[in-house]
Amino acid sequence: MDMVNTFQQHQHAALPRANHDERARQEFTKSLKQFVQQGLLPGLTPVYQTRAAKAFEKEHGKPPADRWDIRKAMVKDLYFQHYAATNRIAQELLWEAVIGSVERQLPELEKAIADLTASNPAPLESDPAFPVPRYVSALDIHCMPGGYASEIDGKDIAQGAIYDRGVYLYAMGYMGPDNDDMGRSVCNYVKRKMPGFQPKRILDMGCTVGHSTVPFKEQFPDAEVIGIDVGGPCVRYAHARSKALGHDVSFMQRSAEDTGFEAGSFDLVVSHILLHETSGQAMPRIFRECHRLLKPGGLMIHADLPPFDLMDPFTQFILDNETYYNNEPFWGAMRDKDQIGMARDAGFPAETIRFDTAPMAIMEFAGADTTYTEDAAEALAEREFTAGEYAPGGGWEVLIAQKAA
Amino acid sequence: MRKLERNARGKRPQFYETPGMDEAMSMILVLANELSVVRDRLDTVEKVAAAKGIMLDAEIEAYEPDQATLEARELRRQDFLARLFYVARKEAAELATQDTAERYSKALDDIAVN
């Protein structure tokens, strides 16, 4: 049964407020994405099997062998063209609808955020001269105009505000009313799988506006929680947003490759959908930095989407569309990396390194928020994994490693 | 008012082989977006009126257009359709008057010289 998605974002004091028509315009882009996934995506399989694969075989004298062959076959097919074009346009209209709304209310928003910033005693650190890595500055990732780091002065929060609203729509509400399902799921995983583990200092790498960071403060209230990101407007917005949600979380503009924190100073280092937005050279450096930062016995957990090696080529092809059509340059390549080997090379003992699934926390919102109905949350949590849909059914893939005690 | 960036860095892919089709598709979906906004706004009008005791929804369903309204609406719909199909109208008119690309080129050449 298709899910009727009426999910709505929780309106906190830092979040832009859309007027009637802006909201309707934004809702439409969420509906369009939902339609592309439920109405157009399933058709790609029969189109491939009954038409595109045969056309490829006729032309090349052999069936498509891998995701690159499948891509060659599919890009010529009109059904695929409609699917991919509509998906891209939905993404563009989403940002357009959000940016117009943020632009209209920017002065009020800046004031609200300045007030929240002033009332959050946890440290905030940002620097307009910060060297933003090329893998973030070269292309505007997932087509968000301006990207994570563009700013006009050392106080600018516009890109953070755009991201907070835009990513909720991008995720179609699948991440919960505060867009924090990944962080919540990882917290739950840590608490349930390692009940004795009480981290005192937690680092969230590549935190953007702190969607996944805040749940760590909520679930481990005695811990010091720090979120870092290379985007200045993101960390500034994150600091205000955490206060708006009632938590004093620290945010700093720093790179996960070289954080500048003292060695052995964290019990837990996490990241959520960070790795696929870095690069082939940055990824092993980030793993080494995690190992350096951890205390003996400390845990590294990276939550991202699964590697390609266990997927069939057609599934790989569907996922890899993000690389080509959504300004995600490292999306496909990252999935071919040997992450287990990378963690081992960074110094983690082989027997502690593994992939696992952190069940989606979405069911916790069921009933607690009016738009997250029991039926919709259940439908979301119990889906099968379908490549091309926003979130996997069931749970998030996590890579875990523990530093030697 | 500060203008925020509207274009994402990174060359936009082309999905269709037919030139102009990518632009046409994006324009169609922008129109669909605005149509959806208007439909939502109309729904809000009905809901707000209902909250004040005016059941617009039921009144709209019960409404019977009079003859003048029927005529005005039919004229408006035909006018809209004519605009929607203006390129087809032009093509038929060209065929009816034997207007051709050759005649157009010839006119350019003639006028340039004469």
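In this text, all values refer to a predicted model and were calculated from it rather than measured experimentally.

A. Representation of the overall build of chain B in the model. Check the secondary structure of chain B and you find five helices and zero strands. Counting from the amino terminus, chain B carries its helices and strands in the arrangement α-α-α-α-α. Its C-alpha radius of gyration of 24 Å places chain B more than 25% over the 13 Å reference for a compact globule of 114 residues. If you line up chain B on its principal axes, its C-alpha atoms span 75 × 50 × 30 Å. Within chain B, the fraction of its 114 residues that count as buried is 10%.

B. Representation of the overall build of chain A within the structure. Broken down by element type, chain A carries 14 helices and eight strands. The C-alpha atoms of chain A give 21 Å as radius of gyration, which agrees with the globular expectation for 405 residues (22 Å, within 12%). In terms of its C-alpha atoms, chain A occupies a principal-axis envelope of roughly 65 × 55 × 45 Å. Within chain A, the fraction of its 405 residues that count as buried is 63%. Pairs at least 24 apart in sequence give 80% of the contacts found in chain A among residues at least 6 apart. Of the charged side chains in chain A, 40 are positive and 57 negative, and the gap between their average positions amounts to 2 Å.

C. Focus on the interface of chain B and chain A. Residue-level contacts link 28 residues of chain B with 42 residues of chain A. Roughly 3100 Å² is buried in total at the junction of chain B and chain A, and carbon and sulfur atoms are behind 57% of that figure. Area buried by chain B at its contact with chain A is led by B:Arg6, B:Arg9 and B:Phe15, which between them contribute 24% of it. Remark: the boundary between chain B and chain A carries seven salt bridges. A salt bridge links B:Arg6 to A:Glu96; its shortest N-O distance comes to 2.5 Å. On inspection of chain B and its partner chain A, the count reaches twelve residue pairs in polar contact (both at pLDDT 80 or more).

D. A nonpolar patch on the surface, seen in detail. Residues B:Phe80, B:Leu81, B:Leu84 and B:Phe85 make up a contiguous nonpolar surface patch of about 410 Å² in total accessible area. By secondary structure assignment, the location of B:Leu84 is in helix α3 (residues 67-84).

E. Representation of unusual backbone geometry within the structure. The backbone of A:Ile273 sits at a positive phi, close to 40°, despite the residue not being glycine. The backbone phi angle of B:Gln98 is positive, close to 50°, even though this residue is not glycine. By the element assignment, B:Gln98 lies in the loop between α4 (86-96) and α5 (101-113). Using a relative accessible area of 65% as the deciding quantity, one classes B:Gln98 as exposed.

F. Focus on the side chain of A:Arg254. Residue and element names in this part refer to chain A. Relative to the elements of secondary structure, Arg 254 occurs in the loop between β4 (250-253) and β5 (266-272). Taking relative accessible area as the criterion, Arg 254 reaches 17% and is therefore assigned buried. Within the local environment of Arg 254, its side chain forms a polar contact with the side chain of Glu 125, the two groups lying 2.9 Å apart. In this structure Arg 254 touches Glu 125, Phe 130, Ile 228, Asp 229, Val 230, Thr 259, Gly 260 and Phe 261, once residues within four positions along its chain are discounted.

G. Region of interest: the sheet that holds β5(A). All names here are of chain A. Here eight strands make up an open sheet; going across it, the order is β1-β4-β3-β2-β5-β6-β8-β7 and the pairing mixed. Strand pairing shows two members of the sheet lacking a second neighbour, β1 (124-125) and β7 (354-359), which therefore form its edges. By the bridge criterion, six bridges tie β7 to strand β8 (residues 395-402) in an arrangement that is antiparallel. Bridge pairing in β8 places Pro 359 opposite Gly 395. Against the sheet, helix α7 (residues 181-193) touches β5, β6 (294-304), β7 and β8, its axis set at about 110° to β7. Contacting β2 (201-205), β5, β6 and β8, helix α10 (residues 282-293) crosses the sheet at an angle of about 145° to β6.

H. Quick look at the pattern of salt bridges. Residue and element names in this part refer to chain A. Applying the stated criterion across every chain yields a total of 36 salt bridges over all chains. Residue Glu 92 is joined to Arg 88 by a salt bridge in which the shortest nitrogen-to-oxygen separation is 2.7 Å. Here Glu 92 and its partner Arg 88 are both found in helix α4 (residues 78-119), four residues apart, which amounts to about one turn of the helix. Between Glu 151 and Arg 236 there is a salt bridge; the shortest N-O distance is 2.9 Å. Note that Glu 151 is positioned in the loop between α5 (134-137) and α6 (158-170) and Arg 236 in helix α9 (residues 232-244), a separation of 85 residues in sequence.

How each quantity is defined
- Residues numbered from 1 in each chain as written.
- Chains lettered and ligands numbered in written order.
- Predicted model: local features only at pLDDT ≥ 70, side-chain atom pairs only at ≥ 80, totals over all residues.
- Heavy atoms only, no water.
- Helix = DSSP H or I, 4+ residues; strand = E, 2+ residues; numbered from the N terminus.
- Rg over C-alpha atoms; globule rule 2.2 N^0.38 Å.
- Buried < 20%, exposed > 50% of the residue type's maximum accessible area, 1.4 Å probe, protein only.
- Contact = heavy atoms within 4.5 Å.
- Lys, Arg positive; Asp, Glu negative; His and termini not counted.
- Charge placed at Lys NZ, Arg CZ, Asp CG, Glu CD.
- Buried area = accessible area lost by both parts, 1.4 Å probe.
- Salt bridge = Lys/Arg side-chain N within 4 Å of Asp/Glu carboxyl O.
- Polar contact = N/O pair within 3.5 Å; in protein donor to acceptor, adjacent residues only side chain to side chain.
- Patch = residues over 30% accessible without salt bridge, like charges linked within 9 Å, V, L, I, M, F, W, Y side chains within 5 Å.
- Areas by Shrake-Rupley, 256 points an atom, 1.4 Å probe, with all protein chains shown as cover.
- Pairing = 2+ DSSP bridges.
- Axes fitted to C-alpha atoms, helices over the stretch in contact; angles between N-to-C directions.

Note that all results are geometric; they support no functional claim without further evidence.
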